[in-house]
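Single-letter residue listing:
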Amino acid sequence: MLGTDFRLGSPVWLDLGSPDTTGAAGFYGSVFGWTFTDLGPDAGGYGFFQVDGKTVAALGPLTEEGASSAWMLHFKADDIQATVSAIRSGGGEIRMEPTDVMGEGWLAQATDPQGAEFALWQSGKTDGLGKVSDENSLVWAELHVPDPAAAITFYNGVFGWRSQDMETPGMTYRVLSLKDGDQQQTSFGGIAPMGDGAGGGVEKPRWVPYFNVADVDATVSAASGNGGSVLMPAADVPDVGRIAWVADPSGAVFALLKPNPMT
């Protein structure tokens, strides 16, 4: 599971681009109990979602022409310029060159060779999220692409990630771990073949955040009751936990997970 001891390649930040930030703040407040703090005019409508005073995600208006509402995962870069070079060398695209974010850190945005968008964060005054893996916070990062093996090669070249195959009904799931440390203890996400599971035929290459919740079924009901849609109903996954996929009223996709108790 994730921790806040962020290292190279760790999921370090998460934000939502939305065409309706007021509506999104209300939706996620109702679903997860998050409070939203707007950072003011200088931040362009950007602000933080928080639980117990700790940031669990962020929210801002859409900034790219033609963009649709989506969650964006950011991964830690120790040297953002070198990481940008590795992305280009591996066949990826840089959508936004490294930019100093008011001294808080350096931000860049990228697209992998199969079309999944992600971002880089090199910490300054802000290291990353204040709370992960606890209830109502980010617990897992999952990539859906047509060619998982090619994705592993690309991201290994960028972040040094390791992978381990896990056989599940109908597919091989690749569990991702950081470059260094115990492989199981540093696992943070996985790769699944696009089209297997939630999203079906309308799925596109993408990173999907999973949020830890105490009751998946109740959270699905809260999401649908506040204008969201259910993409994959709650179901038990052996050796993992209970999961569901939903979308917010603007179409941003996310997943819910109640992990099995650690043994």
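Note that this is a predicted model, so its numbers are computed, not measured. Numbers given for residues are sequential positions, taken from 1 along each chain in its written order. Note on the predicted model: pLDDT of at least 70 is required for a residue's local features to be given, and 80 or more for side-chain atom pairs to be given and counted; whole-chain, interface and lining totals, by contrast, use all residues. By convention in this description, side-chain values take in all heavy atoms of the structure and omit both hydrogens and water.

### Remarks on the side chain of E142
Thought 1: Relative to the assigned elements, E142 resides in strand 9 (residues 138–145).
Thought 2: For each residue, the accessible area found with a 1.4 Å probe, counting protein chains only, is set against the maximum for its type, and the residue is called buried under 20%, exposed over 50%, and partly exposed in between. Charged-residue counts in this description rest on Lys and Arg as positive and Asp and Glu as negative, His and the chain ends being excluded. A carboxyl oxygen of Asp or Glu within 4 Å of a side-chain nitrogen of Lys or Arg is what we treat as a salt bridge. No salt bridge is formed by the buried E142. Its closest oppositely charged neighbour is R206, at 8.6 Å.
Thought 3: N or O atoms closer than or at 3.5 Å make up a polar contact, with two conditions inside protein: a donor-capable atom paired with an acceptor-capable one, and, for residues adjacent in sequence, both atoms drawn from side chains. A polar atom in the side chain of E142 sits 2.9 Å from the side chain of Y210.
Thought 4: Leave out the neighbours within four places in its chain, and E142 touches Y173, G190, R206, W207, V208, Y210 and W245. To qualify as a helix, a DSSP run of H or I must reach at least 4 residues; to qualify as a strand, a run of E must reach at least 2; elements of each kind are numbered from the N terminus. The contact criterion used throughout is that any non-hydrogen atoms of two residues lie within 4.5 Å.

### A look at helix 1 (residues 21–32)
Thought 1: Helix span is expected to be 1.5 Å times the residue number reduced by one. Taking 1.5 Å per residue as the helical rise, helix 1 with its 12 residues ought to reach 16 Å, and the 16 Å between its terminal C-alpha atoms agrees with that figure.
Thought 2: G33 lies just past helix 1 and shows a positive phi near 75 degrees.

### Some thoughts on the pattern of salt bridges
Thought 1: Counting across every chain of the model gives seven salt bridges.
Thought 2: Here R95 ties to E117 by a salt bridge, and the two come within 3.8 Å at their closest N and O atoms. Here E117 lies in strand 8 (residues 117–123) and R95 lies in strand 6 (residues 93–100), a separation of 22 residues in the sequence.
Thought 3: Ionic pairing is found between E104 and K125, a salt bridge with its closest N-O pair at 3.8 Å. Here K125 lies in the loop between strand 8 and strand 9 and E104 lies in the loop between strand 6 and strand 7 (105–111), a separation of 21 residues in the sequence.
Thought 4: Each of D217, D236 and R242 takes part in salt bridges that share partners, so that together they form one network.

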